[in-house]
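Architecture and fold: a report
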Amino acid sequence: MPVPAIPTPIEEQAHYWIFEPVADGLWGLTLDAFRQALLRREPTEFTHVWDHPGHGRRNGVTMSFGITLDQRAVEGVAGVAGEGAAIRNATAAQAAEFGSWLAREVVPVGAALRISSREGIDFDVPDVLATACTEAELRELLLDHIRRIDESAWRVINRRSVPDPRLRYW
């Protein structure tokens, strides 16, 4: 019999985080401006621009980048078609640091961030809408997002594992 996995504390869970403008909002994002903001933050961060016409949701030019968050290297992508950026394998604290940086350096003043995660999308967890919040407040919002994912996942798991009382099991 397999040993059950020990749950990872929510503060340590890594997710794929997606940062976009709110509905009907635009940032006027350019990859050059995004790259310059990254390099002002840390001159040694890597960036790579590539074109992938007609592939997936993000049609057009995209930039892969590296960024140091909470003293750890994290990779991400940014795109101008369907404006936004994403980071992968990042904790809520790292995502909050990235979101705060994005709001200060890339997003127009007063514009809100819509933040979701791949798992949140899978489990229909509402997006986080962040406007003028501190990094600590954003971290708490993102931790709450993870809690909702965990709750939704348990509901799905329990729904699958509870026997249907209408059926006979013998």
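Here's what I pulled together on the structure shown here. Since we're looking at a predicted model, the values are computed, not measured. (Residues numbered from 1 in each chain as written. Predicted model: local features only at pLDDT ≥ 70, side-chain atom pairs only at ≥ 80, totals over all residues. Heavy atoms only, no water.)

Right, let's talk about the nonpolar core for a bit. Residues Phe34, Ile87, Phe98 and Leu102 are the most contacted members of the largest nonpolar core, which totals 34 residues. By residue number, the principal contributor to this core is helix H2 (residues 92-105), which donates six residues. Here Ile87 is in contact with His15, Tyr16, Trp17, Phe19, Phe65, Leu69, Val74, Glu75, Gly76, Gln94, Ala95 and Phe98, once residues within four sequence places are set aside. (Core = buried A, V, L, I, M, F, W, Y, C linked by side-chain atoms within 4.5 Å. Buried < 20%, exposed > 50% of the residue type's maximum accessible area, 1.4 Å probe, protein only. Helix = DSSP H or I, 4+ residues; strand = E, 2+ residues; numbered from the N terminus. Contact = heavy atoms within 4.5 Å.)

Burial analysis of strand E5 (residues 84-90) places five of its seven residues in the buried class, which makes it a mostly covered element. Looking at chain direction, strand E4 (residues 72-79) and E5 are connected through four bridges and run antiparallel. Each bridged residue has a counterpart across the sheet, and for Ala78 the counterpart in E5 is Ala85. Between E4 and E5, which pair antiparallel and follow one another directly, the connecting turn spans four residues, one of which, Gly82, has a positive phi of 75°. (Pairing = 2+ DSSP bridges.)

Below, the discussion takes up the packing of aromatic side chains. Taken as a whole, this structure holds five aromatic pairs when the rule is applied. Aromatic pair Phe34 and Trp101: ring centres 5.6 Å apart, planes at 85°, arrangement edge-to-face. Remark: Trp101 occurs in helix H2 and Phe34 occurs in helix H1 (residues 31-41); sequence separation between them is 67 residues. A residue is classified by how much of its surface remains accessible, and Phe34, at 1% relative accessible area, is buried. Between Phe98 and Trp101, the ring centres sit 5.6 Å apart and the planes meet at 40°, which makes this aromatic pair tilted. Placement of both Phe98 and Trp101 in helix H2 is noted, with a separation of three residues, approximately one turn of the helix. A relative accessible area of 0% means that Phe98 is categorised as buried. Three or more aromatic residues joined by ring pairs make a cluster, and in this case those are Phe19, Phe34, Phe65, Phe98 and Trp101. Positioned above the aromatic ring of Tyr16 is the side chain of Arg118, whose terminal nitrogen or guanidinium carbon lies 4.2 Å from the ring centre. (Phe/Tyr/Trp six-rings, centres within 6.5 Å; stacked < 30°, edge-to-face > 60°. Lys NZ or Arg CZ within 6 Å of the ring centre and 35° of its normal.)

Here we come to H2. Side chains that are three or four residues apart share a direction in an α-helix, a result of its 3.6 residues per turn. Look at H2: 20 Å from first C-alpha to last across 14 residues, which is about the 20 Å you get at 1.5 Å a residue. Extensive coverage of H2 is indicated by the burial of 10 of its 14 residues. All of the buried residues in H2 are Ala92, Gln94, Ala95, Ala96, Glu97, Phe98, Gly99, Ser100, Trp101 and Leu102. (Expected span 1.5 Å × (residues − 1).)

With respect to the helices and strands, His145 occurs in helix H4 (residues 135-161). Here His145 falls in the buried class, since its relative accessible area comes to 2%. Sequence-distant contacts of His145, that is, excluding residues within four places in its chain, are made with Trp17, Ser116, Ser117, Gly120, Val125, Pro126 and Val128.

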